[in-house]
Amino acid sequence: MAFRVRLIEWYWGHPDPVLVEVAHAAGALAAWQVGSRDEAVSAADAGCDLIVAQGIEAGGHVRGTIGLLPLLDAVLGAVAVPVVAAGGIGTARGLAAVLAAGASAARVGTRFAATLESGAHPSYKQCLVAAEAADTVVTEAFSVWWPDAPHRVLRSAVDAAETLDQEHAGDVSGDGEPFPIPRFAVRPPNRSTRGRIDAMALYAGQSVGAVTAITPAAEVIRELAMGAEQLLGDAIDRIPEWNPKARAS
Ligand SMILES: Cc1cc2nc3c(=O)[nH]c(=O)nc-3n(C[C@H](O)[C@H](O)[C@H](O)COP(=O)(O)O)c2cc1C
């Protein structure tokens, strides 16, 4: 049986019905990660089956200018398709909050960059363990190969790149010969990267404070899912009008 992709997602650029149709024609679901209410409406109008609402708290490239909760509120009020919340969610509390607000799911990025399975460079992972939310910054500093695209990184990486007195921060080997990584390149360091890892694009969301150790990805999922379930159950118990048992008694 031929391998099939079940979901194709786009990010950046205006939601395009032609691209969505290509996904649908191939039997896949289509999604767009957006940073504003208007972009979410365009994605829904383009035929997307689901929308990822990305708040400014997110690690990596950041599409919009507002925080996740106001964005989620606006997007949920504007589209009928399922909405996935993204940006700054690294704990069970964060997951419970967006689910309670009406999101159908959450996207978690930074926490998985710091798992055993992640291909991120070990020093990058250790930087994530050491950092707090306030250690991240939205910048356009790492713009080589992708200009004019704001992104959230560790502030220490911007500082280190600024003081680097060499043209290249290091190199990376893929399938072929190592190729150099220019100072301020958009590419984050992976296991095959060498050089000044600390001065490369160390993407991190405000969720980074929740990264306290390098763990298997399954542990992160278990922690978030079980914790959120518990919190949401507790919330229902606390609010009598939500609690069928309390209502019946
Ligand atoms: C290391 C890293 C790389 C990312 N790369 C991409 C990417 O290639 N495409 C994309 O749509 N989003 C990318 N993102 C953003 C995520 O889709 C998501 O919005 C973000 O991780 C959510 O915030 P969080 O990091 O606080 O969990 C990346 C995020 C991180 C941390």
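Residues numbered from 1 in each chain as written. Predicted model: local features only at pLDDT ≥ 70, side-chain atom pairs only at ≥ 80, totals over all residues. Heavy atoms only, no water.

### Some thoughts on the overall build of the protein chain
Inference 1: In terms of helices and strands, the protein chain carries nine helices and eleven strands.
Inference 2: Relative to the 2.2 N^0.38 estimate, which gives 18 Å for 249 residues, the radius of gyration of the protein chain is 20 Å and therefore close to what a compact globule would have.
Inference 3: Along the first, second and third principal axes, the C-alpha set of the protein chain runs to 70 × 40 × 40 Å.
Inference 4: Counting over 249 residues, the protein chain shows a buried share of 42%.
Inference 5: Partitioning the contacts of the protein chain with sequence separation of at least 6, the portion at a separation of at least 24 is 55%.
Inference 6: Split by element, the accessible area of the protein chain, about 12700 Å² in all, is 56% carbon and sulfur.
Inference 7: Looking at the protein chain, you have 19 positive and 28 negative side-chain charges, and the mean spots of the two groups are 5 Å apart. (Helix = DSSP H or I, 4+ residues; strand = E, 2+ residues; numbered from the N terminus. Rg over C-alpha atoms; globule rule 2.2 N^0.38 Å. Buried < 20%, exposed > 50% of the residue type's maximum accessible area, 1.4 Å probe, protein only. Contact = heavy atoms within 4.5 Å. Areas by Shrake-Rupley, 256 points an atom, 1.4 Å probe, with all protein chains shown as cover. Lys, Arg positive; Asp, Glu negative; His and termini not counted. Charge placed at Lys NZ, Arg CZ, Asp CG, Glu CD.)

### Some details on the packing of aromatic side chains
Inference 1: Summed over all chains, the structure comprises five aromatic pairs.
Inference 2: Ring centres of Trp12 and Trp146 lie 5.1 Å apart, and the angle between their planes is 75°; this geometry places the pair in the edge-to-face category. Here Trp12, found in the loop between strand S1 (7–11) and helix H1 (17–25), pairs with Trp146, found in the loop between strand S7 (136–139) and strand S8 (151–154); they are 134 residues apart in sequence, far enough to count as distant.
Inference 3: The partly exposed category is assigned to Trp146, whose relative accessible area is 28%.
Inference 4: Chaining the aromatic ring pairs together yields one cluster made of Tyr11, Trp12 and Trp146.
Inference 5: When the ring centre of Trp12 is taken as origin, the NZ or CZ atom of Arg63, which lies over that ring, is 4.9 Å away. (Phe/Tyr/Trp six-rings, centres within 6.5 Å; stacked < 30°, edge-to-face > 60°. Lys NZ or Arg CZ within 6 Å of the ring centre and 35° of its normal.)

### Things to note about the nonpolar core
Inference 1: By size, the foremost hydrophobic cluster in this structure holds 30 residues, and its most contacted members are Tyr124, Leu128, Phe142 and Tyr203.
Inference 2: Looking at this core, the elements that each hand over two or more residues are helix H6 (122–130), S8, helix H7 (155–163) and strand S9 (168–172).
Inference 3: A per-element tally of this core places H7 first, with four residues.
Inference 4: Setting aside chain neighbours within four positions, we find Tyr124 in contact with Pro188, Pro189, Ile197, Leu202 and Tyr203.
Inference 5: Counting residues in hydrophobic clusters, the runner-up holds 28 residues, among them Trp10, Leu68, Val98 and Ala228. (Core = buried A, V, L, I, M, F, W, Y, C linked by side-chain atoms within 4.5 Å.)

### Some words on the sheet that holds strand S3 (residues 50–54)
Inference 1: Strand order in the open sheet formed by five strands is S1-S2-S3-S5-S6, with parallel pairing between adjacent strands. Pairing within the sheet leaves two strands with one partner each, and these edge strands are S1 and strand S6 (105–107). The sheet shows a mean angle of 25° between the axes of neighbouring strands, taken without regard to direction.
Inference 2: Inspection of the sheet shows strand S5 (residues 83–86) paired to S6 by three bridges, in the parallel sense. (Pairing = 2+ DSSP bridges. Axes fitted to C-alpha atoms, helices over the stretch in contact; angles between N-to-C directions.)

### Brief notes about the pairing of strand S10 (residues 179–182)
Inference 1: Bridge count between S9 and S10: four bridges; the pairing is antiparallel. Paired with Asp171 across the bridge in S10 is Pro180.
Inference 2: In this structure, the hairpin formed by S9 and S10 is closed by a connection of six residues.

### Examining the pairing of S8
Inference 1: Of the strand pairs in this sheet, strand S4 (residues 60–61) and S8 are connected by two bridges, and their pairing is antiparallel. The residue of S8 that forms the bridge with His61 is His151.

### A closer look at the sheet that holds S9
Inference 1: Across the sheet, three strands lie side by side as S10-S9-S11; this open sheet has antiparallel pairing. Edge positions in the open sheet fall to S10 and strand S11 (193–195), since each of these has one partner strand only. The sheet shows a mean angle of 35° between the axes of neighbouring strands, direction not considered.
Inference 2: One ladder, built from three bridges, connects S9 with S11; its direction is antiparallel. The residue of S11 that forms the bridge with Asp171 is Arg194.

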